[in-house]
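Here is how the chains run, residue by residue.
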Amino acid sequence: AYTGARVGEIAQLRKQDVRETGDHWRIVITPEAGTVKSNEAREVPLHPHLLEQGFVEFVKAAPEGYLFLRPNPRTGDVLGPMIGVKNRVREFVREFVTDPNVQPNHAWRHLFITRSRAVGLDQELRRMIAITTERSPCPSPLPSLRVYEAARPEPVGRVCRYHTHRCRRGRGFRPAPPTVVQVLL
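Model, not experiment: these values are computed from the prediction.

Draft legend 1. Quick look at the pairing of strand β1 (residues 18-21). Relative to strand β2 (residues 24-29), β1 is paired through 4 bridges, and the arrangement is antiparallel. Residue pairing for β2: R19 is matched across the bridge by R26. As consecutive antiparallel partners, β1 and β2 are separated by 2 residues, and within that stretch G22 has a phi angle of approximately 65°, a positive value.

Draft legend 2. Here's a closer look at the packing of aromatic side chains. All told, the structure shown has 3 aromatic pairs when counted by the stated rule. Here F55 and F58 contribute two aromatic rings whose centre-to-centre distance is 6.2 Å and whose plane-to-plane angle is 35°, an arrangement assigned as tilted. You can see F55 and its partner F58 sitting in helix α3 (residues 55-61), 3 residues apart, about one turn around the helix. The pair formed by F55 and F58 is uniform in burial state, with each residue classed as buried. Here the aromatic rings of F92 and F96 are separated by 5.5 Å at their centres, their planes lie at 65°, and the arrangement is edge-to-face.

Draft legend 3. Region of interest: the pattern of salt bridges. Throughout the structure, instances matching the rule amount to 5 salt bridges. A salt bridge links E64 to K15, with the shortest nitrogen-to-oxygen separation between them at 3.9 Å. In this pair, E64 is assigned in the loop between α3 and α4 (79-94) and K15 in the loop between α1 (7-11) and β1, connecting sequence segments 49 residues apart. One salt bridge connects R26 with E43, and the closest N-O pair in it is separated by 3.5 Å. In this pair, R26 is assigned in strand β2 and E43 in strand β3 (residues 42-45), connecting sequence segments 17 residues apart.

Draft legend 4. How the structure looks around helix α5 (residues 104-118). Its 15 residues place the ends of α5 20 Å apart at the C-alpha level, agreeing with the 21 Å of an ideal helix rising 1.5 Å per residue. For α5, the full list of buried residues reads P104, N105, R109, F112, I113 and S116. G120, located one to two residues past α5, shows a positive phi value of around 85°.

Draft legend 5. The nonpolar core, seen in detail. Counting 24 residues, the largest nonpolar core has V18, I27, L46, F55 and L67 as its most contacted members. Secondary-structure elements contributing two or more residues to this core are β2, α3, α5 and α6 (123-130). Broken down by element, this core gets its largest block of residues, 4 residues, from α3. Core analysis: the second largest hydrophobic core is formed by 8 residues, V7, A11, V78 and V93 among them.

Draft legend 6. Fine view of the environment of R14. Here R14 shows up in the loop between α1 and β1. Between the C-alpha atoms of R14 and A33, which are 19 residues apart in sequence, the distance is 7.0 Å. When neighbours within four sequence positions are excluded, R14 is seen to be in contact with T30, E32, A33, G65, Y66 and L67.

Draft legend 7. Looking closely at the pairing of β3. A two-sided burial pattern is seen for β3, the buried positions comprising R42 and V44 on one face and E43 and P45 on the other. As paired strands, β2 and β3 are joined by 4 bridges and run antiparallel to one another. Across the sheet, I29 pairs through a bridge with R42, a residue of β3.

Draft legend 8. Local environment of the sheet that holds β2. The strand order β1-β2-β3 describes an open sheet built from 3 strands, whose pairing is antiparallel. Of all the strands in the sheet, the pair left with one neighbour each is β1 and β3. Within this sheet the neighbouring strands show an average axis-to-axis angle of 40°, counted without direction.

Draft legend 9. View of the packing of α4 against α5. Closest axis-to-axis distance for the α4/α5 pair is 9 Å, and the angle between their directions is 85°. Between α4 and α5, the angle is such that the two are roughly perpendicular. Where α4 approaches α5, its residues K86, V89, R90, V93 and R94 are matched on the opposing element by P104, N105 and W108. Residue composition of the contact of α4 with α5, grouped by class: 4 nonpolar, 1 polar and 3 charged.

So, how was this worked out
Residues numbered from 1 in each chain as written. Predicted model: local features only at pLDDT ≥ 70, side-chain atom pairs only at ≥ 80, totals over all residues. Heavy atoms only, no water. Pairing = 2+ DSSP bridges. Helix = DSSP H or I, 4+ residues; strand = E, 2+ residues; numbered from the N terminus. Phe/Tyr/Trp six-rings, centres within 6.5 Å; stacked < 30°, edge-to-face > 60°. Buried < 20%, exposed > 50% of the residue type's maximum accessible area, 1.4 Å probe, protein only. Salt bridge = Lys/Arg side-chain N within 4 Å of Asp/Glu carboxyl O. Expected span 1.5 Å × (residues − 1). Core = buried A, V, L, I, M, F, W, Y, C linked by side-chain atoms within 4.5 Å. Contact = heavy atoms within 4.5 Å. Axes fitted to C-alpha atoms, helices over the stretch in contact; angles between N-to-C directions. Parallel < 35°, antiparallel > 145°, perpendicular 65-115°, else oblique. Nonpolar A, V, L, I, M, F, W, Y, C, P; charged D, E, K, R; others polar.

See below:
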């Protein structure tokens, strides 16, 4: 919900896809890691709340390779394992989102777009981050996210924070990575 990315794009993140540029952390969503709907790599800035919860420390402590899935040991395929992760995330979230008319995995993407719109995040920036089909008055190719961020520092941090039971108790990625990874794997 902090990235605007598809659940599958997050599921196939690799350690090398989490990068620091200057004093900003970002993830790179790339077809080199697996399926990407646009078939083009894009950079997504990490929300400060993810950093505060220890996501970067989780990544630094992780072994090389995929963070949330295990490729097929015989073929190296990630599509099947990625679908498995998406299904387990959906099952987990269904315990809390019981409305059958809501698709929770897809809804997070729309929640990011809605909340970023509410805090005035520029339409072009929303399109760059989430690769949406939002209509733009200027249908030109998207500029580099780095160039755009240089002109408008810290825009993603304006998107409001989500407070979960874990976050309020000061837990997040730090004490729970094995549990989170076990649920996903």
